[in-house]
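# Examination of the molecular architecture
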Amino acid sequence: MHLFWIDFGTGLATAAVVALAATGLTLQFGITNYINFAYGDFMGLGALLTFALNNQAFHLNFWIAAPIAAILVGVFAVIANQLLLAPFARRFSNPALTMIVTFGLSLFMANVATVIWTGNTLFFRMPISVDKKVGPFLWSPDVMIVMGFAVLVMVMIHLLLKTTRLGKMMRALSDNTSLALTSGIDVRQITNVTWFMSGLLAGLGGIALAVEEANLTVTSAESYLFVIFAAVILGGIGSVYGAMLGALAIGLLTETAPLYINAGYKLDVGFFIVIVLLLFRPQGLVPRLGRS
Amino acid sequence: MSAFFLFFMTMVFYVIVFWIASLGLDLVWSRTGIPLFAYYLYVAVGAYLTGLFSLPHVPLQNGVGNLFGFNLPGLLALPLAAVVTGLFAMFVGAVFMRRLRTDYLAVVMVAVALVIWDFSQNDITLVSGNTGLTNIPLPLAGVLHININQWTYLYTGVAFVWALALWWIMKTVSNSPTGRVFRAIRDDSVVAATIGKNVYRYQILSMGIGGFYAAIAGGFLAQLATSWNPSSWAPFEVFNVFTMVIVGGVGSNLGMLVGAALLQVLFIQGPTYVASNYLHSPTFETLAAAAIGVLMWLSLWFRPQGAVPERLKSTAWYLGREPALQETINPDLTVEERA
Amino acid sequence: MTTQPTTPILSTRELRKSFLGVTAVNGATFDVPRNLITALIGPNGAGKTTVVSLISGQIKADSGQVTIDGADVSGWPAHRISQQGLMRTFQLSRELGGMTVLENLMVSARRQTGENLVNVFLRPGAVKKEEAALAARALEILNRYGLYHLRDSRAQALSGGQKKLLEISRAVIADPKILLLDEPMAGVNPALIEKIGEYIIDLRDGGMSILMIEHNLGIVEKICDNVVVLAEGRTLATGKMSELRENEDVVRAYLGEVINADNGR
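Only a predicted model underlies this, so the values are computations on that prediction, with no experimental measurement involved. (Residues numbered from 1 in each chain as written. Chains lettered and ligands numbered in written order. Predicted model: local features only at pLDDT ≥ 70, side-chain atom pairs only at ≥ 80, totals over all residues. Heavy atoms only, no water.)

## Here's the deal with the overall build of chain C
When helices and strands are tallied, chain C shows 10 helices and 10 strands. Whereas a compact globule of 265 residues would reach a radius of gyration of roughly 18 Å, chain C reaches 19 Å, a difference of no more than 12%. Each principal axis of the C-alpha atoms in chain C carries an extent, and together these give about 65 × 45 × 40 Å. Expressed as a percentage of its 265 residues, the buried residues of chain C come to 55%. A sequence separation of at least 24 residues applies to 66% of the contacts in chain C between residues at least 6 apart. (Helix = DSSP H or I, 4+ residues; strand = E, 2+ residues; numbered from the N terminus. Rg over C-alpha atoms; globule rule 2.2 N^0.38 Å. Buried < 20%, exposed > 50% of the residue type's maximum accessible area, 1.4 Å probe, protein only. Contact = heavy atoms within 4.5 Å.)

## Notes on the interface of chain C and chain B
How big an interface is tends to be reported as the loss of accessible area on association of its parts. The interface of chain C with chain B comprises 55 residues on the first partner and 46 residues on the second. Seen at the junction of chain C and chain B, the total is four salt bridges. For C:E103, the salt bridge is made with B:R183, and the minimal N-O distance between the two is 3.0 Å. Taken together, the links from chain C to chain B amount to 19 residue pairs in polar contact (both at pLDDT 80 or more). At the level of secondary structure, the elements contributing two or more residues to the side of chain C that touches chain B comprise helix 2 (78-83), strand 6 (86-88), helix 3 (101-106), helix 4 (117-122), helix 5 (124-144), helix 6 (160-172) and helix 7 (190-205) of chain C. Examining the composition of the side of chain C that touches chain B, we find that 12 residues originate from one element, helix 5 of chain C, more than from any other. Here the residues of the side of chain C that touches chain B are counted per class, giving 23 nonpolar, 18 polar and 14 charged. (Salt bridge = Lys/Arg side-chain N within 4 Å of Asp/Glu carboxyl O. Polar contact = N/O pair within 3.5 Å; in protein donor to acceptor, adjacent residues only side chain to side chain. Nonpolar A, V, L, I, M, F, W, Y, C, P; charged D, E, K, R; others polar.)

## Some details on the confidence of the model for chain A
Per-residue confidence for chain A gives a mean pLDDT of 86, with 93% of residues at or over 70. Confidence over residues 288-292 of chain A falls short of pLDDT 50; this stretch has seven contacts with residues more than four positions distant or in other chains. (pLDDT = per-residue confidence, 0-100.)

## Brief notes about unusual backbone geometry
As a rule of thumb, non-glycine residues mostly have phi less than zero, and peptide bonds are mostly trans rather than cis. The phi dihedral of A:T118 falls on the positive side, at around 60°, and the residue is not glycine. With respect to the helices and strands, the residue A:T118 is situated in the loop between helix 4 (95-117) and strand 1 (132-134). The phi torsion at B:N135 lies on the positive side, around 55°, for a residue other than glycine. Overall, the relative accessible area of 64% leaves B:N135 in the exposed class.

## Examining the sheet that holds strand 1 (residues 10-19) of chain C
Residues and elements named next belong to chain C. With antiparallel pairing, four strands are arranged side by side in an open sheet as 2-1-4-5. On the outer flanks of this sheet lie strand 2 (22-32) and strand 5 (71-72), each paired with one strand and no other. Relative to strand 5, strand 4 (residues 63-68) is paired through two bridges, and the arrangement is antiparallel. Of the residues in strand 5, the one forming a bridge with T67 is D72. (Pairing = 2+ DSSP bridges.)

## With respect to the domain arrangement of chain C
Residue and element names in this part refer to chain C. Taken as a whole, chain C is organised into domain 1 (18-95 + 176-264) and domain 2 (96-157). Between domain 1 and domain 2, the C-alpha centre-to-centre distance is 29 Å. Of the residues lining the interface, nine residues belong to domain 1; the matching set on domain 2 comes to nine residues. Between domain 1 and domain 2, roughly 640 Å² of surface is buried when both sides are summed, and carbon and sulfur atoms account for 49% of that area. Its largest share of buried area at the contact with domain 2, domain 1 owes to M87, E95 and Y199, together 74% of the area lost on that side. Between domain 1 and domain 2 we count zero salt bridges in total. Here domain 1 and domain 2 share two residue pairs in polar contact (both at pLDDT 80 or more) between them. Within the residue set of the side of domain 1 that touches domain 2, elements represented by two or more residues are helix 2, strand 6 and helix 7. For the side of domain 1 that touches domain 2, the residue count by class is four nonpolar, three polar and two charged. (Domains from an automatic or database assignment. Buried area = accessible area lost by both parts, 1.4 Å probe.)

## A look at helix 8 (residues 187-213) of chain A
Relative to the 39 Å expected for 27 residues at 1.5 Å per residue, helix 8 of chain A spans 38 Å between its end C-alpha atoms, a close match to the ideal helical length. Of all 27 residues making up helix 8 of chain A, 20 are buried, and the element is well covered by its neighbours. (Expected span 1.5 Å × (residues − 1).)

## Observations concerning the sheet that holds strand 9 (residues 226-231) of chain C
All names here are of chain C. Taken in spatial order, the six strands line up as 6-7-8-3-9-10 in an open sheet, and their pairing is mixed. Single-partner strands in this sheet number two, and they are strand 6 and strand 10 (234-239). Adjacent strand axes in the sheet meet at a mean angle of 20° when their direction is disregarded. As paired elements, strand 6 and strand 7 (residues 178-182) share three bridges and run parallel to each other. Bridge pairing in strand 7 places L86 opposite I178. Where helix 1 (residues 48-56) meets the sheet, its contacts fall on strand 3 (37-41), strand 6, strand 7, strand 8 (209-213) and strand 9, and the angle it forms with strand 6 comes to roughly 145°. (Axes fitted to C-alpha atoms, helices over the stretch in contact; angles between N-to-C directions.)

## Topic: the environment of A:I190
Residue and element names in this part refer to chain A. Examined against the element boundaries, I190 turns out to sit in helix 8. Overall, I190 belongs to the buried group, its relative accessible area being 1%. Apart from the residues lying within four places of it in its own chain, the contact partners of I190 are L166, M169, M170, L173 and I185.

## Considerations on helix 1 of chain C
Most of helix 1 of chain C is tucked away: eight of the nine residues are buried. When helix 1 of chain C is considered as a whole, its buried residues turn out to be C:K48, C:T50, C:V51, C:V52, C:S53, C:L54, C:I55 and C:S56.

## Here we look at the interface of chain A and chain B
Between chain A and chain B, the residue contacts involve 37 residues of the former and 40 residues of the latter. Both faces combined, the contact of chain A with chain B buries some 3500 Å², and carbon together with sulfur accounts for 81% of it. When the buried surface of chain A facing chain B is broken down by residue, A:I100, A:F103 and A:L279 rank first, second and third, together holding 18% of it. On inspection of chain A and its partner chain B, the count reaches zero salt bridges. Among the secondary structure elements, those contributing two or more residues to the side of chain A that touches chain B are helix 3 (62-91), helix 4, helix 9 (225-235) and helix 11 (266-280) of chain A. With 14 residues, helix 4 of chain A is the largest single contributor of residues to the side of chain A that touches chain B.

## Topic: the packing of aromatic side chains
Per the stated rule, a full pass over the model turns up 45 aromatic pairs over all chains. Geometrically, the ring pair formed by A:F103 and B:F236 is edge-to-face, given 5.5 Å between the ring centres and 65° between the ring planes. One end of the pair, A:F103, is in helix 4; the other, B:F236, is in the loop between helix 10 (199-225) and helix 11 (238-248), on a second chain. With relative accessibility at 3%, the residue A:F103 sits in the buried group. Using a relative accessible area of 29% as the deciding quantity, one classes B:F236 as partly exposed. Counting every residue linked through ring pairs, the aromatic cluster contains A:F29, A:F37, A:F103, A:F226, A:F229, A:F271, B:W29, B:F37, B:F236, B:F239 and B:F242. Of note, A:R91 hangs over the ring of B:W301, and the distance from its end group to the ring centre comes to 4.7 Å. Above the plane of the ring of C:F90 lies C:R94, whose end atom (NZ or CZ) is 5.1 Å from the centre. (Phe/Tyr/Trp six-rings, centres within 6.5 Å; stacked < 30°, edge-to-face > 60°. Lys NZ or Arg CZ within 6 Å of the ring centre and 35° of its normal.)

## Description of the side chain of C:S53
You can see C:S53 is positioned in helix 1. Every residue in contact with C:S53, bar those within four places of it in the chain, is listed here: C:Q58, C:I59 and C:R88.

## Things to note about the nonpolar core
Side chains that are nonpolar tend, in soluble globular proteins, to be buried together. In this structure, A:F42, A:F226, A:F229, B:F37, B:Y39 and B:F96 are the most contacted members of the largest nonpolar core, which totals 270 residues. Of all the elements, helix 10 of chain B adds the most residues to this core, at 13 residues. Residues lining this core come from more than one domain, with at least three contributed by each of domain 1 (18-95 + 176-264) and domain 2 (96-157) of chain C. If we ignore the near neighbours within four places in the chain, the residues touching A:F42 are A:N36, A:V73, A:F76, A:A77, A:A80, A:L105, A:M109, A:W195, A:A202 and A:G203. (Core = buried A, V, L, I, M, F, W, Y, C linked by side-chain atoms within 4.5 Å.)

## Notes on the pairing of strand 10 of chain C
All names here are of chain C. Bridge analysis of strand 9 against strand 10 gives five bridges, and the strand direction is antiparallel. Counterpart to L230 in the pairing with strand 10 is T235. Adjacent in sequence and paired antiparallel, strand 9 and strand 10 are bridged by two residues, among which E232 carries a positive phi angle near 50°.

Pasting the structure below:
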């Protein structure tokens, strides 16, 4: 078995995680002009709530606890936006100030999470899933479920955006906020839906990350924030399909990178892509069609 | 001397150091308008360089070593490190300010800080990776034959003298025509260019001065701890300094002292002392850290001008020292035009 | 090389600019004579503001040439063009909102000793003296434009008309060779329009050359010595207003429509 293909397989699994989270982040980017530094903590919250439902309260089966936790993160995202982020964004035109507010949210969430869940490594209460040979790849059944689920979610998002009235309104709001304001779309409602979806996908991404890594800590998702950014920027900020493609590229790059460079730098591949792309091609690699 | 007194002096030391740090960020962010989210990187670079300049060279062995060491006196290593950090900050600024919109700049700056942080953890050849720099000499301690407690009291005084000098420099800069150009860039960089100011050059200058201040703060932190490694700092700690600036009052030099004191006493050093001496649990400390976020939101929402608001410079301020000129303006000519 | 006083203070040759494939300026070529007020007119979307931004360097032209007082400034950054003796105002006023009205003027003055930090620390006396003199000059200009009473207010607190006056005073303190005004009278009350018109004529009589974008042809006729008509990013005609009324191209492209609109007001 070739090591490259094993890492390539891990890369596909990471791509699934990144795709879930990056899609949520890019949806939110579409309707805000600032960057949410607390997004990594939204992801972490998904995994931690799953842990709580799975191990601490109710002792729910993992596969039942996970979707409930993700929905709770979606609700949390709507509340965080309504109570905190949106008022600041409305009041201060300078996006840097709102970004500092999201920084504060990140700090707040991370520290409160540390108080509740300690700094220890946590494990979901689920059967140990042993890696199996699948073609040239090495995947555990849980990871394969996560990957399949991610693909399913991507298809559902595609159908939502392309075929439903809600999806059309979301795209309209993302493409041109001021135009949408005048065209009779209920902006407040669509904004809430978008934040809910963003939080939901963040939660799913965080849970998927914990499954892929087979454990979690309160800060493990935070370090992935810039990897997610990298996927979003690679695909063109605000572009959902771009984010999916970006996630695939980032997942494969970060997991195969340790074959060639110090494994300690694997996440830096993402950071580096963020820096270089924003410097030289801020519109992303995938051009957004139909936009001026 | 009691343990409490040592704690108290250490806290005073932190207040002074973070006054210096927030003065630098205030210049770059509040007075020049650059969201320098990589600011804490310069604190760290200043700390590492202060260590390297005052330590001897240790060849790499068993994963520990530093690439170079100048064995300089600590009092000299600190400003030298700050100058080099300032130049580094100008270089980073020159590369990134050239092309970037400010909202992207914020993200790129965080990414740069994260990459260098990871580098400091993984690379053992330059500054020993996670081991970092140890045994950074205490300036003056050897010469004066004093113990570490006495040294802390002495060095708090040294830091205070530095802070007063840096406060005076910042005051002079911000009251000068150069400071006025910085503020013009903050308010509208397009207009600043239209009136003939080289925006790019001033932004880099501002980042250089900011880097210098950050590095002085970092150097003091490293000297107090006698060590510096990747767990001594994190790029996201920049948020604490931003909070000091916001709470203290953007654009206000004395406000920075208020902001630094408030955060260090009530939210950082104070809770740490209470948690370790009375509660014997880190929970209180962690909650205090979470409260910093809440403090920042409340401060920004209810008092965006901060505890000590920026003072506008009045006509009297500009003419004050030249009373003869005041007479050249004949108020009779004034047309009270309500346009 | 000595510049003949009869050469234009500002000239553009074949300026071109397109945004994402849409052509905004398509070969604008015109001269702005010295010591005169030149109007830049044209229908909406003719590219007037873009031309002003191309001249002053806020936007880089795709191709073409701009000459200020004999110096080719094509492709120069905005601050160097400004230092060459050009000042501009904006259609939507852009004041330095966090600074006082007085400081808005002071920051705009040229060649300040204290804009170099070395001088701030090594020659504090000289800087201090220059500052006081500059403040006095700024106050004199504020007085001239009826903003004296607002000298210590934050610029963001000014009314729309006051901001227009502030933009003009901010340009005047730099003593430019050529002043570009982008609709200096848009959105202000009729009394102030009259006033601004007088101010502009005074500036010309003081030796300044002015290029102004203006929609109101009545004003153009009254205060402008010379007119450049822009349509679809191209120079359609230049001359005096009275001549242009006879020019069929101009009337068809622009004048008829606006004259009718003016009558309808």
